[in-house]
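These are the residues of each chain, in order.
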Amino acid sequence: MTPGWKPGVVPRVSQRLDRPGEADERAELLEMLVAAKGLTNERLQAMVDAQGEDDMRRMTAEILGRWGVAKGWQVLFGEFGSKRVYDEFIARGPSAIRILACAFPDRDDTDGQSAERLAAHRAAAEAVVQELVADPSSPGFRTAIEVLGYWDEPRNVEILMHIAQDASRPRDSYVRQEAIDSLCRLQAPEAMDLLIRTMLDREYVDWLRWDCAKALGEIGKPDALEALESVAESDPDKTLRGYAKDAIAVIQNPDVS
């Protein structure tokens, strides 16, 4: 029995979570039960899976995350990841930043929100991001690559170039694609040849080739015109042809906004 609780109290309090009531009251009950170790991991996961009040599901997801259940963080950020939620979490410090970076190792659930918010808090996040990008085995490695694409400095371009051309990884690996996309976001002139090769290579995914064409236009160097003209004239991807034409116009008319 939990110290301070009479026999049978925990089950009765637990049952009250399943009844309608004020959100604040139910949240308080939830925290009491967690502190009293009166809820199992399975019960909390069932509460997260249930179609219920968002405030309760959010709180339950965070509790699961604190217990080391990855699904908790994934639900918290994937479903409730507002700017305020991210910023409040990042403000907790390095351990929270590491959790946020590692919550989605496949980078398929947040549409880049984690990276964007971490990038916006560079002073708080940079040390952790540099630590993660130096460790390819970390589940936060891919998020760290994405974050570097928001911080324009030569060291980050060098890191991303190395990852993008890492022959030990399959050319179509998401890690290499993310590194190339980060270089596109940085509009790094040093990466122009790599961006051209990627744009011309039909084995790469469409969205990455599109981003390369747009980035080449923003970089604005005439050296990219030949490749862009080739794509604009004959590539089977209609969307890419359009982006290539836009990039050509930007390069040829740099003073036209």
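Details of the structure are given in the entry above.
Since we're looking at a predicted model, the values are computed, not measured.

A. Focus on the overall build of the chain. What the chain contains, in helices and strands, is 16 helices and 0 strands. In the chain, which comprises 257 residues, the share counted as buried stands at 47%. Here the analysis covers contacts within the chain between residues at least 6 apart in sequence; of these, 56% occur between residues at least 24 apart.

B. Spatial organisation of helix α9 (residues 122-133). Buried residues of α9: A125, V128, V129, Q130, L132 and V133, and no others. Looking at the buried positions of α9, the neighbouring elements they touch are α7 (94-102), α8 (113-120), α10 (141-148) and α11 (154-164).

C. Local environment of the packing of α10 against helix α12 (residues 174-186). Closest axis-to-axis distance for the α10/α12 pair is 8 Å, and the angle between their directions is 15°. The pairing of α10 with α12 is recorded here as roughly parallel in orientation. Where α10 crosses over α12, the handedness of that crossing is right-handed. Taken together, the residues of α12 that come into contact with α10 (itself represented by F141, R142, I145, E146 and L148) are Y174, V175, E178, A179, S182, R185 and L186.

D. Seen up close, unusual backbone geometry. If you check the backbone angles, Q187 has positive phi at about 50° while not being a glycine. Its place among the elements puts Q187 in the loop between α12 and α13 (192-200).

E. Examining the packing of aromatic side chains more closely. Scanning all chains against the criterion turns up 3 aromatic pairs. Relative to Y86, the ring of F77 has its centre 5.5 Å away and its plane inclined at 10°; by these criteria the two rings are stacked. Side by side, F77 and Y86 carry an identical accessibility label, which is buried. Clustering of aromatic rings is evident, with ring pairs tying together F77, Y86 and F89. Cation over ring: R185 sits above Y150, and NZ or CZ is 4.3 Å from the ring centre. Above the ring of Y243, the side-chain terminus of K214 is found at 4.7 Å from the ring centroid.

F. Summary view of the pattern of salt bridges. Scanning the model with the defined rule gives 13 salt bridges in all. Salt-bridge contacts for R117 lead to D87; the nearest nitrogen and oxygen are separated by 3.0 Å. One end of the pair, R117, is in helix α8; the other, D87, is in helix α6 (residues 83-90), and 30 residues separate them in sequence. When its relative accessible area of 16% is taken as the criterion, D87 is described as buried. Across the pair R169 and D166 runs a salt bridge whose closest N-O atoms are separated by 3.8 Å. Here the salt bridges do not stand alone but share partners, grouping R122, E126, E153 and R155 into one network.

Parameters at a glance
- Residues numbered from 1 in each chain as written.
- Predicted model: local features only at pLDDT ≥ 70, side-chain atom pairs only at ≥ 80, totals over all residues.
- Heavy atoms only, no water.
- Helix = DSSP H or I, 4+ residues; strand = E, 2+ residues; numbered from the N terminus.
- Buried < 20%, exposed > 50% of the residue type's maximum accessible area, 1.4 Å probe, protein only.
- Contact = heavy atoms within 4.5 Å.
- Axes fitted to C-alpha atoms, helices over the stretch in contact; angles between N-to-C directions.
- Parallel < 35°, antiparallel > 145°, perpendicular 65-115°, else oblique.
- Left-handed = near helix turned anticlockwise from the far one by under 90°.
- Phe/Tyr/Trp six-rings, centres within 6.5 Å; stacked < 30°, edge-to-face > 60°.
- Lys NZ or Arg CZ within 6 Å of the ring centre and 35° of its normal.
- Salt bridge = Lys/Arg side-chain N within 4 Å of Asp/Glu carboxyl O.

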